[in-house]
Amino acid sequence: MSEVVTYNRDGSVGVITVNYPPVNALGHAVRSGLLAALNQGLADAEAKVLLLVCEGRTFIAGADIREFGKPIQEPVLPEVMNQFENSSKPVIAAIHGTALGGGLETALGCHYRVALGSAKVGLPEVKLGLLPGAGGTQRLPRLTGARKALEMITTGDFVAAPQALELGIVDAVEAGDDIREVGLAYARKAVEEGWPVRRVRDLTDKVEADKGSEVFDEFRAALEKKARGLFSPFKCVDAVEAAFTLPFDEGLQRERALFSECMASPQRAGLIHAFFAEREVSKVKGLAKDTPVRDVNSVGIIGAGTMGGGIAMNFANVGIPVTLVEVKQEALDKGLGVIRKNYENSAKKGRISQQQVEERMALITGSLTYDDFKDADMVIEAVFENMAIKKEIFAKLDAVCKPGAILASNTSTLDIDEIASATARPQDVVGMHFFSPANVMKLLENVRGSQTSDEVKATVMAVAKKIKKVGVLVGNCYGFVGNRMLHKRGAEAMALVNEGATPQQVDKVLTDLGYPMGQFAMSDLAGIDVGYRIRQERRNSGEDVPLSWLDKLAEQDRLGQKTMAGVYRYEEGSRKPIPDPAVDAIIEEFRKEQGITPRQITDQEILERCMFVMINEGAKILEEGIADRSLDIDIVWIYGYGFPAYRGGPMFWADQIGLDTILNAVEKYYDELGGDQWQPSALLKKLVADGRSFGDL
Ligand code: T1G
């Protein structure tokens, strides 16, 4: 008998218990243990009904994702399901926590399902580039009908127990929190009342009702927009459709074939890499797991602008009071007004209640004085990207804030050590770089200064989790990880237009790769003046920053969406970027001034120059220890800039392309274009020489 699955009898109920922390995933030991326990239950004459229950935090949460990509070991899950379904004795699944993927499929292979009121169920395989591969696409529709099954399987969304009851996915929802007791009571009832074996595969009414339905093509059409570039959502529709066109066993075969297609796709590899990477980044290299974390029960924020207001909302959303300081009442009122408007919009969309709007607004207190920060556990500065202003602010904070208060800057590029030098507590100073809009974007790029204490590092990572962000701890350099790479991409994109490409050609190459927005549409969103100010600051500090046609736009007040014209033009009430011949003229004039003869530029060159320059910079970031692992860079780009998760992040994508290909291109552009950005990274060269990848680091 395996130690992860045990069998025992309680009266006339044979109990199969899974105990495989952390989430009872269906690893090989669990699968073979389930079969062994089932056979024990079937051989146990005293057992009239069998009960499947799990120890720990949750019912089975799915296949063991760590096994993917490795040789499959018998028994495969569909085989386990078939044996449970063909059991001569009724089998009851008792669900608590989250029954997901293969976990829900296991429950669907049983004959009855009882759940705690707090339980959730779902088939989230699509989020991993897969589809339910153990009968879920054939059994779920037999309980819910086509539309609900398609919704659940193509979104991967979880369904709460009460709704699962309504949909027929579970047969009963019980109060209480002891799933074993709830399961046993339900199973005893089945014994007393003599419930028969009831196989989901034999249910036909929903199949008959939806045979020939248009719903499959309706979902395909909707996915063309929502799931652009993705592979598995469309395979999900094909698999569910088979439940309505084929007999059950042939439907299972169809599902298996489609599942294998998804398993083989690079998108599955990318999405699973992203799944684990998102969890790995919270385990900071060199930071002991038991590093003390300071309490953060009150937060101060300086600056009630777009960023400050958005940051304030993150804390109010989780019940942490915020003091929001501005220098002028008018700016403070405006900032508070924007926050309220954002909450009211969420209420209008049904995302939060009106009561929550008021509760959250009540947690945000406006102020015009730093004195109101004196009791704050953490203060976050969110003002202009100007070092002098920031140092002045941090000196004042150092004087006002209590000992042990964490002083954080939301700076997106500037030197944390220099900011810390304005205080007597550099060990308490840290960067917390939020991404705009701060109340929406999931990434929080936490930046350690050279003197930032381990406690402060651990605390800002814990705060990221608390405010439902994905926190990544990075080192201190110009632009840290995200913007340092973004600036290289931006400079190449600008140069490509100088040389002959159009802005829309460059943007299309990037959106075809899977970004939600191209480089220049993003510049229009952020504001052309933002980049212009940064370039001017760098020019004023003596850096050699080439002039560009974008500077011309800024100088002509074409600042982007906020002026209805930037790189693109915008119509009233619309954010849709429309190419503007006036910009083509500005670009042409700039080329003439610079003596540039425009040339045809291929999409491939645009892709390589925009993306490989970033990867080369990412390799330098790893060399310098600014990022500890390539997966940290992947997560920064997925959650900070919308890099498509199905490609796993820029560094994972580079590994899939092959680092030798990347290096050859970098060396080619270094020869052709020169410039530090194309100087091949030493690490990249070493990895290629050793035949290794970023993922091997
Ligand atoms: N396999 C292996 N490890 C898993 C896992 C899984 N399915 N799910 C979670 N873990 C690990 C995770 O890496 C972390 O490890 C720990 O458990 C806690 O997770 C045939 C093919 C269940 C809602 O997609 O959504 O079934 O970091 O930090 O926030 O059709 O984990 O502690 O070492 O996320 O409380 C389908 C994925 C698989 C569910 C819990 N199932 N998991 O969230 O904790 S494919 C899923 C989750 C499949 C079948 C197909 C969440 C959670 P460590 P956590 P959490």
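What counts and how
- Residues numbered from 1 in each chain as written.
- Predicted model: local features only at pLDDT ≥ 70, side-chain atom pairs only at ≥ 80, totals over all residues.
- Heavy atoms only, no water.
- UniProt positions renumbered as here; feature names shortened; annotations may be inferred.
- Helix = DSSP H or I, 4+ residues; strand = E, 2+ residues; numbered from the N terminus.
- Near = heavy atom within 4 Å.
- Polar contact = N/O pair within 3.5 Å; in protein donor to acceptor, adjacent residues only side chain to side chain.
- Areas by Shrake-Rupley, 256 points an atom, 1.4 Å probe, with all protein chains shown as cover.
- Buried < 20%, exposed > 50% of the residue type's maximum accessible area, 1.4 Å probe, protein only.
- Core = buried A, V, L, I, M, F, W, Y, C linked by side-chain atoms within 4.5 Å.
- Domains from an automatic or database assignment.
- Contact = heavy atoms within 4.5 Å.
- Axes fitted to C-alpha atoms, helices over the stretch in contact; angles between N-to-C directions.
- Nonpolar A, V, L, I, M, F, W, Y, C, P; charged D, E, K, R; others polar.
- pLDDT = per-residue confidence, 0-100.
- Patch = residues over 30% accessible without salt bridge, like charges linked within 9 Å, V, L, I, M, F, W, Y side chains within 5 Å.
- Salt bridge = Lys/Arg side-chain N within 4 Å of Asp/Glu carboxyl O.
- Lys, Arg positive; Asp, Glu negative; His and termini not counted.
- Charge placed at Lys NZ, Arg CZ, Asp CG, Glu CD.

For the rest of this paragraph, the subject is the UniProt feature "domain: 3-hydroxyacyl-CoA dehydrogenase C-terminal" (unreviewed entry) in the protein. Per the UniProt record, "domain: 3-hydroxyacyl-CoA dehydrogenase C-terminal" (unreviewed entry) is annotated on residues 479-570 and 606-692. This span, residues 479-570, is 62% helix and 2% strand, and a straight line between its end C-alpha atoms measures 30 Å. Between the end C-alpha atoms of residues 606-692 there is a gap of 26 Å, over a span that is 71% helix and 0% strand.

Around the ligand sit 27 residues, and of these Arg57, Glu105, Glu125, Arg279 and Lys283 come closest. In this structure, an oxygen atom belonging to the ligand sits 2.7 Å away from a side-chain N or O atom of Glu125. In this structure, Arg279 approaches the ligand through a side-chain N or O atom, which is 2.7 Å from an oxygen atom. In isolation the ligand has 1000 Å² of accessible area, and contact with the protein removes 77% of it. Of all the elements in the fold, those that place two or more residues in the shell around the ligand are β5 (98-100), α3 (102-109) and α12 (266-280).

Turning to the environment of Glu74, a few remarks are in order. Mapped onto the elements, Glu74 comes out in the loop between β3 (49-54) and α2 (77-85). Judged by its relative accessible area of 60%, Glu74 is exposed. In this structure the C-alpha to C-alpha distance between Glu74 and Cys236, which are 162 residues apart in sequence, comes to 25 Å.

Counting residues in each nonpolar core, the largest one holds 95 residues, and the members touching the most others are Trp549, Met611, Trp637 and Phe694. Per element, the largest residue contribution to this core is eleven residues, and it comes from helix α25 (residues 603-623). Residues lining this core come from more than one domain, with at least three contributed by each of domain 2 (299-479) and domain 3 (483-546 + 589-696). Not counting residues up to four positions away in its chain, the partners in contact with Trp549 are Met494, Val497, Asn498, Pro503, Phe520, Val567, Val583, Ile586, Ile587 and Phe590.

Further remarks concern the domain arrangement of the protein. By a frequent convention, interface size equals the accessible area lost on bringing the separate parts together. The domain architecture assigned to the protein consists of domain 1 (5-264), domain 2 (299-479) and domain 3 (483-546 + 589-696). Using only C-alpha atoms to locate each centre, domain 1 and domain 3 end up separated by 44 Å.

With that settled, consider the packing of helix α26 (residues 630-641) against helix α27 (residues 650-657). The contact between α26 and α27 brings their axes to 6 Å, and the two run at 115°. Note on element contacts: α27 touches α26 through Pro650, Met651 and Phe652, opposite Ser630, Ile633, Asp634 and Trp637. Looking at the contact of α26 with α27 residue by residue, the classes come out as five nonpolar, one polar and one charged.

Here the focus is the confidence of the model for the protein. Residues of the protein with pLDDT of at least 70 account for 100%, and the chain-wide mean is 95. The ipTM for the predicted assembly is 0.96, set against a pTM of 0.91.

A cluster of basic residues, Lys341, Lys348, Lys349 and Arg351, forms a positive patch at the surface. Taking relative accessible area as the criterion, Lys348 reaches 69% and is therefore assigned exposed.

Okay, the UniProt feature "domain: 3-hydroxyacyl-CoA dehydrogenase NAD binding" (unreviewed entry) in the protein next. Feature annotation in UniProt places "domain: 3-hydroxyacyl-CoA dehydrogenase NAD binding" (unreviewed entry) on residues 299-476, given in this structure's numbering. The span residues 299-476 shows a helical share of 41% and a strand share of 21%, and its end C-alpha atoms are spaced 23 Å apart.

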